[in-house]
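Observations on the model geometry
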Amino acid sequence: MIIAIDGPTAAGKGTLARSLADHFGFAYLDTGSIYRALASLVRESGLDPENQEEVTGLALKLSATDLQRNDLREEEVGQLASKIAVYPRVRQALLDFQRNFAETPPGEAKGAVLDGRDIGTVICPNADLKLYITASDDVRASRRHKELIDKGVAAIYAEILADLKARDQRDQSRSAAPSKPADDAIVLDTSGITAEAVLEKALGLVADLRC
Ligand code: CDP
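As a starting point, this report considers the structure included with it. All residue numbers refer to positions counted from 1 along the written sequence of the respective chain. Where totals are concerned, whole chains, interfaces and linings use all residues; where local detail is concerned, this predicted model gives features only for residues with pLDDT of at least 70, and gives and counts side-chain atom pairs only at 80 or more. Side-chain calculation: all heavy atoms of the structure are included, whereas hydrogens and water are not.

Concerning the overall build of the chain
Definition in use: The helix count covers DSSP runs of H or I at least four residues long, the strand count covers runs of E at least two residues long, and both are numbered beginning at the N terminus. The globule rule used here is 2.2 Å times the number of residues to the 0.38 power, and the radius of gyration it is set against is calculated over C-alpha atoms. Buried residues are those whose accessible area, probed at 1.4 Å on protein chains only, stays under 20% of the maximum for their type, while exposed residues exceed 50% and partly exposed ones sit between those limits.
The secondary structure content of the chain amounts to 9 helices and 5 strands. Taken over C-alpha atoms, the radius of gyration comes to 17 Å for the chain, in line with the 17 Å a tight globule of 211 residues would show. Counting only C-alpha atoms and orienting by the principal axes, one finds that the chain spans roughly 50 × 40 × 30 Å. Looking at the chain as a whole, 50% of its 211 residues qualify as buried.

Section: the nonpolar core
Put simply, the rule reads: Nine residue types can take part in a nonpolar core, namely buried Ala, Val, Leu, Ile, Met, Phe, Trp, Tyr and Cys, and a core is a set of them joined through side-chain atoms within 4.5 Å. A contact between two residues is defined here by any heavy atoms of the two lying within 4.5 Å.
Formed by 36 residues in total, the largest nonpolar core has its most connected members in L38, L94 and L114. Here this core takes 7 residues from helix 2 (residues 32-45), the largest share from any one element. Filtering out sequence-adjacent residues up to four positions away, L94 remains in contact with I34, Y35, L38, A59 and L62. Core analysis: the second largest hydrophobic core is formed by 19 residues, F26, L129, L199 and A202 among them.

Some remarks on the pattern of salt bridges
How we decide: A pairing counts as a salt bridge when a side-chain nitrogen of Lys or Arg comes within 4 Å of a carboxyl oxygen of Asp or Glu.
In the structure shown here, the tally under the stated rule is 15 salt bridges. Close ionic contact of R89 with E53 constitutes a salt bridge, the shortest N to O distance being 2.6 Å. Taken together, the residues R89 in helix 5 (residues 88-103) and E53 in helix 3 (residues 52-60) connect sequence positions 36 residues apart. Judged by relative accessible area, R89 falls into the partly exposed class, the value being 43%. D118 is the salt-bridge partner of R91, the closest N and O atoms lying 2.9 Å from each other. Remark: D118 occurs in the loop between strand 3 (112-116) and helix 6 (119-123) and R91 occurs in helix 5; sequence separation between them is 27 residues. Given the relative accessible area of 8%, R91 is considered buried. What emerges from the salt-bridge pattern is a single network uniting R43, D71, E74 and E76.

Some thoughts on helix 7 (residues 137-150)
Using the following cut-off: In a helix, the anticipated span is given by 1.5 Å times the number of residues less one. By arc we mean the arc of the directions from the helix axis to the C-beta atoms, nothing more.
Taking 1.5 Å per residue, 14 residues should reach 20 Å; helix 7 reaches 20 Å between its end C-alpha atoms and fits that length. Of the positions making up helix 7, those classed as buried are R140, A141, R144 and L148. The buried residues of helix 7 occupy an angular sector of 95° when the element is viewed end-on, so they sit on one face. Among the exposed residues of helix 7, those oriented more than 90 degrees off its buried face are K146 and D150. Turning to helix 7, the residues buried within the fold contact helix 2, helix 4 (75-84) and helix 8 (157-173).

Concerning the packing of aromatic side chains
Condition: Side-chain rings of Phe, Tyr and Trp, where Trp is taken by its six-membered ring, are said to pair if the distance between their centres is within 6.5 Å; with planes under 30 degrees apart they count as stacked, over 60 as edge-to-face, and otherwise as tilted.
Considering all chains together, one arrives at 1 aromatic pair under this definition. Measuring from ring centre to ring centre gives 5.3 Å for F24 and F26, while their planes differ by 25°; the resulting arrangement is stacked. Look at F24 and you get partly exposed, because its relative accessible area is 22%. F26 sits in the buried class, given a relative accessible area of 10%.

Remarks on the packing of helix 3 against helix 5
In a pair of packed helices, the angle between the axes and the distance between the axes together describe the arrangement. Operational definition: Here an angle of 0 to 180 degrees is reported between the N-to-C directions of two axes, which are lines fitted to C-alpha atoms, with helices fitted over the stretch in contact. When an angle is under 35 degrees it counts as roughly parallel; over 145 it counts as roughly antiparallel; between 65 and 115 it counts as roughly perpendicular; any other value is oblique. Ten residues, namely Ala, Val, Leu, Ile, Met, Phe, Trp, Tyr, Cys and Pro, are considered nonpolar, four, namely Asp, Glu, Lys and Arg, are considered charged, and the remaining ones, Gly among them, are considered polar.
Where helix 3 meets helix 5, the axes come as close as 9 Å, and the angle between the chain directions of the two elements is 10°. Classified by the interaxial angle, the pair formed by helix 3 and helix 5 is roughly parallel. Residues Q52, E53, V55, T56, A59 and L60 of helix 3 lie in contact with helix 5, whose contacting residues are P88, R89, V90, A93 and L94. Looking at side-chain class alone, the contact of helix 3 with helix 5 contains 7 nonpolar, 2 polar and 2 charged residues.

Have a look at this one:
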């Protein structure tokens, strides 16, 4: 079984994806960490992020250990990730790894949960269940702000909100794999709903598939 979870930043995709994977013993892939790992490498190497050719070259050399880099959750890395994610050749270079993960999950897991922006539309158009998780700008900015403060990172709410809107705008308006719900995705708005309630709802949708 393949479960595709897409949606804008800080909507709760990762929390839901991880819980579903744990519940069913499925493999989980946070595809955003791939773009973040690439952004982190671009930053470290001093490469020009505007040079699609060079960024694509780096994408082709990306390895699984790069997904463990410890700066991946930085806001600057997230912004840079969304800038290099607009390049069609970069996306193409990262496509096979994501598709193989979904179709042949590691550890002989019986299914995979992938979260990102284009899982239901491009990576796994035949996924068994497609969810598009969203929430209001204010709720998402508050969640991201709290996440950073809890980690001891200084963060200003107004800046987080502005960054989040800029990233959404870039992700939704790019021509290659724009962030949007697949035609057959179920949209869940998580504003004012607990993570547990969202999980319950998703488990119900999986149960419906099995009937
Ligand atoms: O955690 P958050 O939702 O803030 O972002 P992320 O999922 O880690 O993704 C970081 C950036 O990578 C996004 O803003 C997208 O530009 C890009 N991305 C993408 O283009 N396609 C994906 N499947 C996943 C992420």
